[in-house]
Amino acid sequence: MTLVAGVDTSTQSCKVVVRDVETGELVRDGRAPHPDGTEVSPHAWWLAFETAARRAGGLDDVAAISVAGQQHGMVCLDASGDVVRPALLWNDLRSADAARDLVAELGAGAVGMRAWADAVGSVPVASFTVTKLRWLAEHEPSSAERTAAVCLPHDWLTWQIAHAGSKGALSIETITTDRGDASGTGYWSPATATYRMDLLERAFGRSAVVPTVLSPAGSAGWTAAGALLGAGTGDNAAAALGVGAGPGDVVVSIGTSGTVAAVVDHAVADETGLVAGFADGTGRFLPLACTLNGARVLDATAALLGVDGAGLSALALRARPGADGLVLVPYLEGERTPDRPDATGALHGISLATLTPDHVARAAVEGVLCGIADALDALRSCGVTVERVILVGGASRSEAVRRIAPAVLAMPVVVPEPGEYVADGAARQAAWALDPSRPEPPEWACARSETYDADPTPAVRERYADVREMTAARVDRPAE
């Protein structure tokens, strides 16, 4: 049996799966946590990877390995390959002002947004690497001065795996990435498959070494144990690979954030900034809309009500659709769709009848799903055809989320059995790297899934939209 390994170095943890290259059957797996916070030492990712690999029974017997990782972020390295400062993660919003400044520098209002969309398929928001480079240059000039290369979390971990055991300085010229992850930097164009170094230099004030972009089935080298090292990719592209998504499919993942990503055959550029025109892990494209508020909203609500996740689900399903008018706008960590990094949440429609655990739980679930529905609408507005919704992520384990989602999204929802789909996608890519002459990654048996359907509840979204805009008016009102 030939084995391959897939790694998911996510925001919260590192997961490793080992699968049979022919069938995709899971042989063993392991995981280890990452530190909390929006900035983390990359070395913590290495320690978690070592622990997760050990808990997965070791990787000495695998023929290939590939790493998928949280997108965006900023890992700065000096000329010797040493980390300059803790990595800023995608959910670190301190660069929100930098994002606005960079857009404005290419033109006022819609002009600047259109210019960025034309250049790299996306309009920068605080998550993107390009905005974090501007923040670094403005707020930590000494760290910026030391920075000789910049890469992403999956790039850095792949590089470390390729050079594990090496002594002395590592060459920053050997760092690699792939088109899926590069497309989230803000200075690589999916449409032209080239870096826009002029935009990096605009943000940072000077140039820096960037990773070589490999093809989806390309190789980043070999591990110390002799395994082929795949190109790796971003977590959203890997998740699409892991669930076997193809054109017409939209993968909705509700984890730390909520992401809505469609597999399409053409590059997408959205000048409104709601949709990021990313590339995927197969040579296609992955337009994506992201909400910052996903499962953590449900966790926070459960904690408030003194229940666990199952308890929250049971409470939510006891309340009627629409929670009798109680609406939660779940902007607990700012928001990205719409782009309101400084926004806060709101609970509206409180009365003696609705201030109950059942109503609050229902409003929380519906609020998160209404944010996902907004993201789905943004994809449709870019001409994306939605034929099937595939729901994954930690929140997909919630019965309330599974049953309420089709009503809010107004279409059936396919829910695969729980799994590590980002790591699975990385493993599938690793198998492809063993036979790069194949035009597509190997076909593995799809996981068992269940389809959920429900009558649409348009009134829920209408009420949510009203409160969302009331919240925007409150947040955007100038201070007196």
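Here the structure is shown first, and the text comes after it.
Residues numbered from 1 in each chain as written. Predicted model: local features only at pLDDT ≥ 70, side-chain atom pairs only at ≥ 80, totals over all residues. Heavy atoms only, no water.

Asker: What's the story with helix α11 (residues 309-318) in this structure? I'm lost.
Answerer: Each turn of an α-helix holds 3.6 residues, which means side chains three or four residues apart point in the same direction. What α11 keeps buried is the set G311, L312, S313, L315 and A316. Structurally, α11 contributes buried residues whose contacts are with α10 (295-305), α12 (357-381) and α13 (399-409). Sitting at the head of α11, D308 places a side-chain oxygen 3.3 Å from the backbone nitrogen of A310. (Buried < 20%, exposed > 50% of the residue type's maximum accessible area, 1.4 Å probe, protein only. Helix = DSSP H or I, 4+ residues; strand = E, 2+ residues; numbered from the N terminus. Contact = heavy atoms within 4.5 Å. Polar contact = N/O pair within 3.5 Å; in protein donor to acceptor, adjacent residues only side chain to side chain.)

Asker: It is not clear to me how the side chain of S183 should be interpreted in this structure. Could you clarify?
Answerer: Among the structural elements, S183 can be located in the loop between α7 (179-182) and β10 (188-189). For S183, the side chain forms a polar contact with the main-chain oxygen of G180, separated by 2.7 Å.

Asker: Help me out: how do you make sense of unusual backbone geometry in this one?
Answerer: Negative phi is the rule for most residues except glycine; trans is the rule for most peptide bonds. With omega at 5°, the peptide bond leading from T337 into P338 counts as cis. The topology assignment puts P338 in the loop between β20 (327-329) and β21 (346-348). Backbone geometry at A193 places phi at a positive 55°, although glycine is not the residue there. One can find A193 in the loop between β10 and β11 (194-195). Even without being glycine, A410 reaches a positive phi, approximately 60°. Structurally, the position occupied by A410 is in the loop between α13 and β23 (413-416).

Asker: Teacher, can you tell me more about the sheet that holds strand β17 (residues 258-262) here?
Answerer: Note: strands within a sheet are paired through backbone hydrogen bonds, in either parallel or antiparallel orientation. Pairing within the open sheet is mixed, and its seven strands lie in the order β18-β19-β17-β16-β22-β23-β24. A strand with exactly one partner marks an edge of an open sheet, and here the two such strands are β18 (276-279) and β24 (449-452). Averaged over all pairs of adjacent strands, the angle between their axes in this sheet comes to 30°, without regard to strand direction. Of the strand pairs in this sheet, strand β22 (residues 388-392) and β23 are connected by two bridges, and their pairing is parallel. By the bridge assignment for β23, V389 is matched with V413. On top of the sheet, helix α9 (residues 235-242) reaches β16 (249-254), β17 and β19 (285-291); it is set at about 115° to β19, its chief contact. Running at roughly 155° to β23, α13 makes contact with β16, β22, β23 and β24 of the sheet. (Pairing = 2+ DSSP bridges. Axes fitted to C-alpha atoms, helices over the stretch in contact; angles between N-to-C directions.)

Asker: Explanation requested: the pattern of salt bridges in the structure shown.
Answerer: Opposite charge on two side chains permits them to pair, given that their charged atoms come into close proximity. Applying the stated criterion across every chain, the model contains 32 salt bridges. Between D424 and R19 there is a salt bridge whose closest N-O contact spans 2.9 Å. Pair noted here: D424 is in helix α14 (residues 421-434) and R19 is in strand β2 (residues 13-20), with a separation of 405 residues, a long-range link. Accessibility assignment for this pair places D424 and R19 in one class, buried. (Salt bridge = Lys/Arg side-chain N within 4 Å of Asp/Glu carboxyl O.)

Asker: Looking at this structure, I do not really get the side chain of R336. What am I missing?
Answerer: Within the secondary structure, R336 is located in the loop between β20 and β21. There is a polar contact of 3.5 Å between the side chain of R336 and the side chain of H72. Here S127 takes part through its side chain, which lies 3.4 Å from a polar atom of the side chain of R336. Ignoring anything within four residues of it in the chain, the contact list for R336 reads H72, V125, S127, F128, A276, F278, L288, C290 and L292.

Asker: Would you explain the environment of L298 in this entry?
Answerer: With respect to the helices, strands and loops of the structure, L298 is situated in helix α10. Expressed as a C-alpha distance, the spacing of L298 and G349, which sit 51 residues apart in the sequence, is 19 Å. The residues touching L298, leaving out its near neighbours within four places in the chain, are L312, A364, V365, V368, A395 and V401.

Asker: Please clarify how the packing of aromatic side chains should be interpreted in this entry.
Answerer: Each aromatic ring pair is described using two quantities: the centre-to-centre distance and the angle formed by the ring planes. Per the counting criterion, the structure on display carries four aromatic pairs. Where W45 meets W156, the ring centres are 6.2 Å apart and the plane angle is 70°; that geometry is what we call edge-to-face. With W45 in helix α1 (residues 42-55) and W156 in helix α6 (residues 153-162), this residue pair connects regions lying 111 residues apart in the sequence. Consider the rings of Y187 and Y195, whose centres lie 6.3 Å apart with planes at 25°: the pair is stacked. On the accessibility criterion, Y195 (22% relative accessible area) is partly exposed. We note R179 situated over the ring of F285; from NZ or CZ to the ring centre the distance is 5.1 Å. (Phe/Tyr/Trp six-rings, centres within 6.5 Å; stacked < 30°, edge-to-face > 60°. Lys NZ or Arg CZ within 6 Å of the ring centre and 35° of its normal.)

Asker: Would you mind showing me how to read the pairing of strand β13 (residues 219-222) here?
Answerer: As a general feature of sheets, a regular strand has side chains that alternate between the two faces. Bridge count for β13 against strand β14 (residues 228-230) is three bridges, and the pairing is antiparallel. The partner of G221 across the bridge, within β14, is L229. Hairpin connection of β13 to β14: five residues between the antiparallel strands, including G226 at a positive phi of 95°.

None of the figures reported here should be taken as evidence of function without further support.
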